[in-house]
Amino acid sequence: MSRVAVVDAGGANFGSVCYALERLGATPVMVRDADGLRDARRVVLPGVGAAAPAMALLCERGFAEVLPALPVPLLGICLGMQLLFESSEEGDVDCLGLLPGRVRKLDGRAGLRVPHMGWNALQPLRDSPLLAGIDTQAQAYFVHGYAAPVTADCVASCTHGERFAAVVQRGNRAGAQFHPERSADVGARLLANFLQWNPT
Amino acid sequence: MLSRRIIPCLDVRDGRVVKGVRFRDHVDMGGIVELATRYRDAGADELVFYDITASPEGRSVDRTWVEHVARVIDIPFCVAGGIRSVDDARAVLRAGADKISINTPALERPPLVAELAEAFGVQCVVVGIDSVREDDGHWRVRTHAGNPDVMRAPRIRTLDWVVEAQRLGAGEIVLNCMGSDGARAGYDIEQLRAVRAVCAVPLVASGGAGTPQHFADAFLHADVDGALAASVFHSGALAIPELKRTLREHGIQVRL
């Protein structure tokens, strides 16, 4: 079945993402530097941690140069999705710039806990092959203190005080702010959709 | 809207899930992966695995079962017990756990909380607190609560520790109210409310759940983000789907 390159950017969820892909019958291959992406058919960029050190690592290992030119489907997860955007307020760092927009800190207003941690509903905004079989108001597991804006690339949003991007898609690039590897059936469905996705 | 979380807690000893009443008289409840899978299928939002022998025996968590769980389970899980250092935590997180929970080691050396938050982010760092009301009316923490023979009572007020733990970088607090633990007579709402008032990060109630109403009370009256329970789930006395339906009837947001 399909071989998927999973970028090891030092995130603690690296193993969980690999296990989730294995449960779907895929063969995840750990990739530590940009050379490892050469024959990849699909690429997953997981991430847990902070934007600045993660970007520093992606630059150091050559990913920052290769990922923008990647011709195959790319899925960023959590911080990995945020890194697809132009920049992040977290450490005020330039990101990969594959999607327009700036990642900002979630506003912890009265009664709102930040980081946003737990199960929350997805609100589909338009049809996307990545969302096939996922119901409106289906819940996914989120853990994050920063969030990406709802732009034209956003195919599903989520609300925690404010609305932010939960799933994004532009060309062959996609991202999920939530953790599909920890979102039970909803997460498995998103990953399965990604594994079958043939962006044109 | 964020759902309130239902969290079965699995006490792990020698590779099996056990449960004792008030931390004593442990009874075998089943295999770790088998029980974890059953709870996942029933709709648990998260799982906590507490290695009850690691801390008293002065050893770290056995990582083998953590990895087994991570391979099979697709909901978040937290591992507690025997995590004393950044290296201990890294091993457990690398094995696939989403969070680590520290209790006694955090009270013995509070900077550990900051070290863990710095290394992995606050979202990974849960501080568990065993708390009991003392004769002067104040709630105070207990350490080494996993073993009644060595349990200690540092003169630290629970509310002070909750504030300090957040300042250091705790991303979540699990408050185990020892006075109500295992008795299935309800969570200690008064204590949870007091802690909620000084707790800006997610707060999880632990100790005393027996009926769906107990869970509803904790969510409605103490505004906790999650409710943890063990025996009431392990014994089959309460099924999670039924519990969640009841909570939804109370207008509480849950994941069905």
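Data block above holds the structure.
The following paragraphs examine the structure supplied in this document. In this text the structure is predicted, and so the values were computed from the model without any measurement. Per chain, residue numbering runs from 1 following the sequence as it is written. Here chains are named by letter from A upward and ligands by number from 1 upward, in the order in which they appear as written. Two thresholds apply to this predicted model, a pLDDT of at least 70 for residue-level local features and 80 or more for giving and counting side-chain atom pairs, whereas whole-chain, interface and lining totals are computed over all residues. Computation of side-chain values covers all heavy atoms of the structure but excludes hydrogens and water.

### Digging into the packing of aromatic side chains
The test is simple: Think of it this way: a Phe, Tyr or Trp ring, Trp meaning its six-membered ring, pairs with another when their centres are within 6.5 Å, and the plane angle makes it stacked under 30 degrees, edge-to-face over 60, tilted otherwise. Helix and strand assignments follow DSSP, with helices taken as H or I runs no shorter than four residues and strands as E runs no shorter than two, numbered in order from the N terminus. Burial here depends on accessible area, computed with a 1.4 Å probe over protein chains only, as a share of the maximum for the residue type. Under 20% is buried, over 50% is exposed, and the range in between is partly exposed. Note on criteria: charge over ring means Lys NZ or Arg CZ within 6 Å of the ring centre, with the direction from the centre no more than 35 degrees off the ring normal.
Enumeration according to the criterion identifies nine aromatic pairs over all chains in this entry. Centroid distance Phe215(B) to Phe233(B): 5.9 Å. Interplanar angle 35 degrees. Geometry classified as tilted. With Phe215(B) in helix 8 (residues 212–222) and Phe233(B) in helix 9 (residues 231–234), this residue pair connects regions lying 18 residues apart in the sequence. Both residues of the pair, Phe215(B) and Phe233(B), count as buried. Through a chain of ring-to-ring contacts, the aromatic side chains of Tyr39(B), Tyr187(B), Phe215(B) and Phe233(B) assemble into a single cluster. Between Arg42(A) and the ring centre of Phe194(A), over which it is positioned, the NZ or CZ distance is 5.9 Å. The ring of Tyr146(A) carries Lys105(A) above its face, with NZ or CZ at 5.3 Å from the centroid.

### Examining the pairing of strand 13 (residues 162–170) of chain A
Residues and elements named next belong to chain A. Where we set the bar: Here the rule is simple: two strands pair whenever DSSP picks up at least two bridges between them.
In the sheet, strand 12 (residues 154–160) pairs with strand 13 via six bridges, with the strands oriented antiparallel. Counted as the bridge partner of His 160 is Glu 162 from strand 13. Joining the antiparallel neighbours strand 12 and strand 13 is a turn of one residue, in which Gly 161 adopts a positive phi near 80 degrees. Pairing between strand 13 and strand 14 (residues 173–176): four bridges, direction antiparallel. Looking at the pairing, Arg 170 lines up with Arg 173 of strand 14. The turn joining strand 13 and strand 14, which pair antiparallel and follow one another in sequence, is formed by two residues; a positive phi near 60 degrees is taken by Gly 171.

### A word on unusual backbone geometry
In the segment running from Val114(A) into Pro115(A), the intervening peptide bond is cis, with an omega of 5 degrees. Inspection of the secondary structure puts Pro115(A) in the loop between strand 7 (99–105) and strand 8 (116–121). Even without glycine at this site, Asp92(A) takes up a positive phi of about 45 degrees. Along the chain, the position of Asp92(A) falls in the loop between strand 5 (85–88) and strand 6 (93–94). According to the relative accessible area criterion, Asp92(A) is exposed, its value standing at 58%. Backbone geometry at Asp223(B) places phi at a positive 55 degrees, although glycine is not the residue there. Within the fold, Asp223(B) resides in the loop between helix 8 and strand 11 (226–229). Exposure remark for Asp223(B): the relative accessible area of 30% places this residue in the partly exposed category.

### Structural notes on the packing of helix 7 (residues 189–197) of chain B against helix 8 of chain B
Residue and element names in this part refer to chain B. Rules: Fitting a line to C-alpha atoms yields each axis, with helices limited to the stretch in contact; the angle taken between N-to-C directions then spans 0 to 180 degrees. Crossings are assigned a handedness: left-handed for a near helix turned anticlockwise from the far helix by less than a right angle, right-handed for a clockwise turn. Residue contacts follow a heavy-atom distance rule, with two residues in contact if any of their heavy atoms lie within 4.5 Å. Asp, Glu, Lys and Arg are counted as charged, while Ala, Val, Leu, Ile, Met, Phe, Trp, Tyr, Cys and Pro are counted as nonpolar; the rest, among them Gly, fall into the polar class.
Relative to each other, helix 7 and helix 8 sit at 35 degrees, their axes nearing to 10 Å. Between helix 7 and helix 8 lies a crossing whose hand is right-handed. Within the contact between the two elements, helix 7 uses Ile 189, Leu 192, Arg 193 and Arg 196 and helix 8 uses Asp 217, Ala 218, His 221 and Ala 222. A class-by-class count of the residues in the contact of helix 7 with helix 8 yields four nonpolar, one polar and three charged.

Read these as spatial facts, not as claims about activity.
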